[in-house]
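Summary of the model geometry
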Amino acid sequence: MALGQQAPTPAPLPLFHAPLADGEPGGPDIAAEPLAETAAPADAPTAATEAIATATADPQPVTLTAMITDGGRSIGEGLVWRIFSTRTDSAGQLELAAKSESAVAQVELSPGNYVVHVAYGRAQASDTITVAEGQNDKSVVLEAGGLRLSAAVTGDVAIPINLLRFDVLTASSSEAERVLVAQGLGANDIVTVNAGTYHIVSYFGDVNAIVRADLRVDPGQLTDATLYHRAAQVSFKLVSEAGGEAIADVDWTIKTADGASTIFTNTGAFPSTVLQEGDYVVFAKRGDTVFNRAFEIQPGQPKEIEVLTTVY
């Protein structure tokens with residue numbers, strides 16, 4: 001399946017090695033024939049002279065366009081073009097020959113072979129072009145689609161947008177092999193990615209309300225998806241009687257029902273968080289005294305948990 005990974009950079013061409021000169025190890029025996037008779041004719045081009053001629057040739061006009069799908073309309077904005085020479089630099093990387101952020105890139109390149117890379121949002125594509133004398137045109141097909149995400153609590157309870165975020169990763173059976181494509185997307189943000197299957201992670205709050213799903217993005221289509229959390233917003237207060245005023249200067253700790261894991265800590269009179277469905281214990285410490293209460297979270301509307309000082 002097609003994934004949203006960066007388009008691979010083609011391997012560089014093998015480095016050119018000029019023919020061995022007379023007298024070098026492995027070269028022609030200088031004593032075998034007179035030098036004038038062994039020299040190449042003046043008008044016989046070598047690979048070295050051809051390479052030099054290409055590098056010094058006049059730049060030629062090149063026009064680059066991109067489409068979402070094959071046969072579709074050209075993309076009108078939001079493109080970043082990078083054109084690389086097939087020659088490598090001292091670090092072994094392909095040399096950047098030109099860059100453009102125009103929808104229709106107009107560049108000038110010396111005749112030769114190049115790698116064209118275009119990015120549109122998180123979608124990317126690479127292709128090759130051979131520049132010859134005269135006008136050169138190249139169109140690249142991205143095969144991309146749009147992805148728009150939202151989430152709600154089971155039962156269609158809306159989630160405040162400031163408590164919701166999404167990560168998009170490439171799909172894989174192994175979590176270690178997944179590659180991050182987009183991070184921290186907000187609800188209803190639209191991200192452009194290469195067509196393929198993606199692993200979506202939805203975060204409701206910052207504690208443990210997390211939902212995952214695999215979604216398919218088709219080329220030229222906007223994929224809308226809503227993920228559902230089994231969680232709820234919850235707030236806490238320490239009171240001397242039911243319905244009383246919250247007591248200030250309280251240190252709060254939320255643990256799993258077995259007490260093995262700490263889920264949330266805070267200091268204040270009225271802390272709030274989001275918790276996944278399940279059983280928990282809350283500890284409220286004021287001075288040297290600790291009050292506690294077991295409670296259950298069920299998915300639904302926000303709720304308030306009171307810890308009574310008079311019970312203990």
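Below you will find a few notes about this structure. This is a predicted model, so every value here is computed, not measured. (Residues numbered from 1 in each chain as written. Predicted model: local features only at pLDDT ≥ 70, side-chain atom pairs only at ≥ 80, totals over all residues. Heavy atoms only, no water.)

1. Details of the overall build of the chain
Selection criterion: Working definition: helices are DSSP H or I runs of at least four residues, strands are E runs of at least two. Numbering for both runs from the N terminus. A 1.4 Å probe rolled over the protein chains alone gives each residue an accessible area, and that area as a share of the maximum for its type sets the label: buried under 20%, exposed over 50%, partly exposed in between. When checking whether two residues touch, look at their non-hydrogen atoms; a contact exists if any pair is within 4.5 Å. Throughout, the Shrake-Rupley method with a 1.4 Å probe supplies accessible areas, and for residues the shown protein chains are the sole cover considered.
Across its full length, the chain holds 2 helices and 22 strands. Across the 312 residues of the chain, 37% fall into the buried class. Taking the intrachain contacts of the chain between residues at least 6 apart in sequence as the baseline, contacts between residues at least 24 apart amount to 60%. For the chain, the computed accessible surface area is about 17,400 Å², with 49% contributed by carbon and sulfur atoms.

2. Details of the sheet that holds strand S20 (residues 278-286)
For clarity, the threshold we go by: If DSSP finds at least two bridges between two strands, the strands pair. The convention used is that axes are lines fitted to C-alpha atoms, helices contributing only their stretch in contact, and that angles between N-to-C directions extend from 0 to 180 degrees.
Strand order across the open sheet formed by 4 strands is S18-S17-S20-S21, with antiparallel pairing between neighbours. The sheet is open, and its two edges are formed by strand S18 (262-267) and strand S21 (289-297), each paired on a single side. Taking each pair of neighbouring strands and ignoring which way they run, the sheet shows an average axis angle of 20°. Judged from the 5 bridges that link them, strand S17 (residues 251-256) and S18 form a sheet pairing that is antiparallel. Bridge pairing in S18 places Lys255 opposite Thr262.

3. A look at unusual backbone geometry
The backbone phi angle of Glu143 is positive, close to 50°, even though this residue is not glycine. Along the chain, Glu143 falls in the loop between strand S7 (136-141) and strand S8 (144-153). The exposure class of Glu143 is partly exposed, given its relative accessible area of 34%. Non-glycine residue Asp156 carries a positive phi angle of around 65°. Residue Asp156 is classed as exposed on the basis of its relative accessible area, which comes to 60%.

4. Details of the packing of aromatic side chains
Note the following rule: Working definition: rings of Phe, Tyr and Trp (its six-membered ring) pair if their centres are within 6.5 Å, and the pair is stacked with planes under 30 degrees apart, edge-to-face with planes over 60 apart, and tilted otherwise.
Scanning the entire structure with this criterion turns up 3 aromatic pairs. Taking 6.0 Å as the distance between ring centres and 35° as the angle between the ring planes, the aromatic pair formed by Phe236 and Trp252 counts as tilted. Here Phe236 is found in strand S16 (residues 231-239), whereas its partner Trp252 is found in strand S17, with 16 residues between them in sequence. Here Phe236 and Trp252 have matching classes, each one buried. Here the aromatic rings of Phe236 and Phe295 are separated by 5.5 Å at their centres, their planes lie at 70°, and the arrangement is edge-to-face. Separated by 59 residues along the polypeptide, Phe236 in strand S16 and Phe295 in strand S21 bring together distant segments of the chain.

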